[in-house]
Amino acid sequence: MIKGIKGVKDILPEETPRWRLIEDTARRWAMWYGFQEIRVPIFEVTTLFARSIGATTDIVEKEMYTFADRDGSSLTLRPEGTAGTVRAFIEHNRAADPLPQKYCYLGPMFRHERPQAGRLRQFHQFGVESFGVSDPRADVEVISLLWRILSHLRLQGLTLEMNSLGYQEDRVRYKPVLVDYLKTVAVRLCGNCQRRLETNPLRVLDCKVPECRAATEAAPRLTDHLSPAATDHFNQVLRGLESVGIPVHLNPRLVRGLDYYCLTTFEVTASGLGAQNAVGAGGRYDGLVEQLDGPKVPAVGFAVGLERISLMLPPDTVVPATPRVYVAAFGEKAAPSGFQLLDELRRQGVPADMDFRSGTLKAHLRQADRLGVLYTVLLGDDEIAKGSAIVRNMQTKAQEEVVLSDLPTTLKTRLSSA
Ligand code: HAM
């Protein structure tokens, strides 16, 4: 038997209503905030990701699904959505259009990570990217959108962690200070961090290994080495968040696993998620558009993991079901008429169903119950003779006789008030 790939999950029909609720909520809030949906490809040339996410990041070094195209060029399944969105922004010369340009996206991403609860190899992100505004209120806008979506979905135990990575010059000044310190504790660091000490020292601060955390407890903080302009930006973001009532937890260790960030970085964690506790994350990336050969355009965004949101949806979440109608047509004449009626109802926009295997009224009613429909249309040979049908409310069991030609309108009215 052929099985699905490890870390790549099917989302079964009983799960999709929850997914749709999450997706619809995220999209709707993003639209209210003025973001418009963009759909970018699932695969891109490998250099796009190497140059944007960073050649020495875990994602690029060991997690990408990279393969050779038939002409030998290197392609990669997107591990995240920012790089492709920035590529599209540049390629379609969007900087020439009135700014800001605010995009949102939703879709599968691919990372070869060790699968566990909330961590998959094919996972789904909803993300937003706002191009063109360096004002700190643009940071507050995307963070508040993230917070509102998660709050609307009633996720519990959320914490918004914030840090500032400053400008590139700030990090250039800070790195040797950090490296000097890290060298004094190098023997206590894990193998990965000893390597990072050379390649990407900031990432050592973010390591989850307890020994590394203890060793870096007293490390000099980037926030103490920020330029006045970077400090001012950060303070304005914090004040902005306070002004819209969003609580913040400062986390000087938050350096993120992607290299394109500057100034604001943030992560929303959830207490109920175990080791993979980040529901969503993002930050400002003012240099990325230019770094990918575009114009100088500031930008800020976030992405949330839909699997992680789905794991955290409160159990009493009401997932709107499609209110449906079942057509129970039994009897020699009624059966073919029932099929026509089913088609007519569907054409008129009434979600309707029928089990073609059922012959008796009893079998039809059993099927109607199983489908959980709101109304069943009973159509026997007697009804056909009268040109009418019986509409049965499956909850109250009340029945009414309706002329066949009035059925679509009557059912639409009943369903819209259900
Ligand atoms: P990220 O932190 O790598 O950021 O991913 C964002 C979210 O995607 C995570 O918080 C998590 O919920 C989810 N996620 C990541 N990896 C996995 C996985 N293997 N399995 C399940 N869920 C996962 C980014 O991707 C940036 N592009 C965010 C951004 C947008 N920054 C600016 N704009």
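The structure displayed is predicted, hence computed values, not measured ones. (Residues numbered from 1 in each chain as written. Predicted model: local features only at pLDDT ≥ 70, side-chain atom pairs only at ≥ 80, totals over all residues. Heavy atoms only, no water.)

Novice: Explain the packing of aromatic side chains residue by residue, including any values.
Specialist: All told, the structure shown has 10 aromatic pairs when counted by the stated rule. Relative to tyrosine 285, the ring of phenylalanine 131 has its centre 6.4 Å away and its plane inclined at 85°; by these criteria the two rings are edge-to-face. Remark: tyrosine 285 occurs in the loop between strand E10 (278–284) and helix H10 (288–291) and phenylalanine 131 occurs in strand E6 (residues 122–131); sequence separation between them is 154 residues. Grouping residues by exposure puts phenylalanine 131 and tyrosine 285 together as buried. With 4.8 Å between their ring centres and 65° between their planes, tyrosine 260 and tyrosine 261 make a pair best called edge-to-face. Tyrosine 261 gets classed as buried once you look at its relative accessible area, which sits at 5%. Through a chain of ring-to-ring contacts, three or more aromatic side chains come together here, namely Phe89, Tyr103, Phe131, Tyr260, Tyr261 and Tyr285. When the ring centre of phenylalanine 35 is taken as reference, the NZ or CZ atom of lysine 102 above it lies at 5.0 Å. (Phe/Tyr/Trp six-rings, centres within 6.5 Å; stacked < 30°, edge-to-face > 60°. Helix = DSSP H or I, 4+ residues; strand = E, 2+ residues; numbered from the N terminus. Buried < 20%, exposed > 50% of the residue type's maximum accessible area, 1.4 Å probe, protein only. Lys NZ or Arg CZ within 6 Å of the ring centre and 35° of its normal.)

Novice: Tell me about the site of the ligand, residues and numbers included.
Specialist: The local shell around the ligand holds 27 residues, among which Glu80, Glu113, Leu120, Glu129 and Tyr261 are the closest. Within the side chain of threonine 82, a nitrogen or oxygen atom sits 2.8 Å from a nitrogen atom of the ligand. Within the backbone of valine 279, a nitrogen or oxygen atom sits 2.9 Å from an oxygen atom of the ligand. Those elements giving two or more residues to the shell around the ligand turn out to be E6, E10 and strand E11 (299–305). (Near = heavy atom within 4 Å. Polar contact = N/O pair within 3.5 Å; in protein donor to acceptor, adjacent residues only side chain to side chain.)

Novice: Break down the pairing of strand E5 (residues 101–110) for me, with residues and values.
Specialist: Judged by how many residues are buried, E5 sits mostly within the fold: 9 of 10 residues are covered. As defined by bridge partners, strand E1 (residues 36–37) adjoins E5 across 2 bridges and the pair is classed as parallel. When the sheet's bridge partners are listed, glutamate 37 is paired in E5 with cysteine 104. Here E5 pairs with E6 via 10 bridges, running antiparallel. (Pairing = 2+ DSSP bridges.)

Novice: Break down the sheet that holds strand E9 (residues 262–270) for me, citing the residues and quoting the values.
Specialist: Strands sit in the order E1-E5-E6-E11-E10-E9-E7-E8 across an open sheet of 8 strands; the sheet is mixed. This sheet does not close on itself; its edge strands, each paired only once, are E1 and strand E8 (249–250). Sheet strands in contact with helix H9 (residues 228–243) are strand E7 (158–164), E8, E9 and E10, and its direction is about 160° off that of E7. (Contact = heavy atoms within 4.5 Å. Axes fitted to C-alpha atoms, helices over the stretch in contact; angles between N-to-C directions.)

Novice: Outline unusual backbone geometry, listing residues and values.
Specialist: Here the residue pair leucine 99 and proline 100 is connected by a cis peptide bond, since its omega of 0° sits within 30 degrees of zero. With respect to the helices and strands, proline 100 occurs in the loop between helix H4 (82–91) and E5. Although it is not a glycine, leucine 263 adopts a positive phi angle of roughly 50°. Mapped onto the elements, leucine 263 comes out in strand E9.

Novice: Describe the environment of alanine 95, with residues and values.
Specialist: Mapped onto the fold, alanine 95 is located in the loop between H4 and E5. Accessibility expressed as a relative area gives 22% for alanine 95, which makes it partly exposed. Through-space distance from the C-alpha of alanine 95 to that of valine 209 is 42 Å; in sequence the pair is 114 residues apart. The contact partners of alanine 95, leaving out residues within four places of it in the chain, are Phe89, Pro295 and Val297.

Novice: Quick rundown of the pattern of salt bridges? Include the residues and the values.
Specialist: With the rule as written, the count across this model stands at 26 salt bridges. Between aspartate 58 and lysine 62 there is a salt bridge whose closest N-O contact spans 3.8 Å. A residue pair is termed a helical-turn pair when its members lie 3 or 4 positions apart in one helix, as aspartate 58 and lysine 62 do in helix H3 (residues 58–63) at 4 residues. Its relative accessible area of 45% is what places lysine 62 among the partly exposed residues. Note that aspartate 353 and arginine 346 form a salt bridge whose closest N and O atoms lie 3.6 Å from each other. By relative accessible area, which is 41% here, arginine 346 ends up partly exposed. By sharing partners, the salt bridges in this structure join Arg27, Glu37 and Arg39 into a single network. (Salt bridge = Lys/Arg side-chain N within 4 Å of Asp/Glu carboxyl O.)

Novice: Explain the packing of helix H1 (residues 16–32) against helix H5 (residues 136–152) to me, using residue names and the numbers behind them.
Specialist: Two numbers describe how H1 lies on H5: the axes approach to 10 Å, and their chain directions differ by 140°. Taken together, the axes of H1 and H5 are oblique relative to one another. Here the hand of the crossing between H1 and H5 comes out right-handed. Contacts between H1 and H5 pair Thr25, Ala26, Arg28, Trp29 and Ala30 from the former with Leu145, Arg148, Ile149 and His152 from the latter. Partitioning the contact of H1 with H5 into residue classes produces 5 nonpolar, 2 polar and 2 charged. (Parallel < 35°, antiparallel > 145°, perpendicular 65-115°, else oblique. Left-handed = near helix turned anticlockwise from the far one by under 90°. Nonpolar A, V, L, I, M, F, W, Y, C, P; charged D, E, K, R; others polar.)

Novice: Can you lay out a nonpolar patch on the surface for me, pointing to particular residues and giving the numbers?
Specialist: Together, Ile42, Phe43 and Phe67 make up an exposed nonpolar region whose accessible area comes to about 260 Å². When you line up the elements, isoleucine 42 lands in the loop between E1 and strand E2 (43–45). Exposure remark for isoleucine 42: the relative accessible area of 33% places this residue in the partly exposed category. (Patch = residues over 30% accessible without salt bridge, like charges linked within 9 Å, V, L, I, M, F, W, Y side chains within 5 Å. Areas by Shrake-Rupley, 256 points an atom, 1.4 Å probe, with all protein chains shown as cover.)

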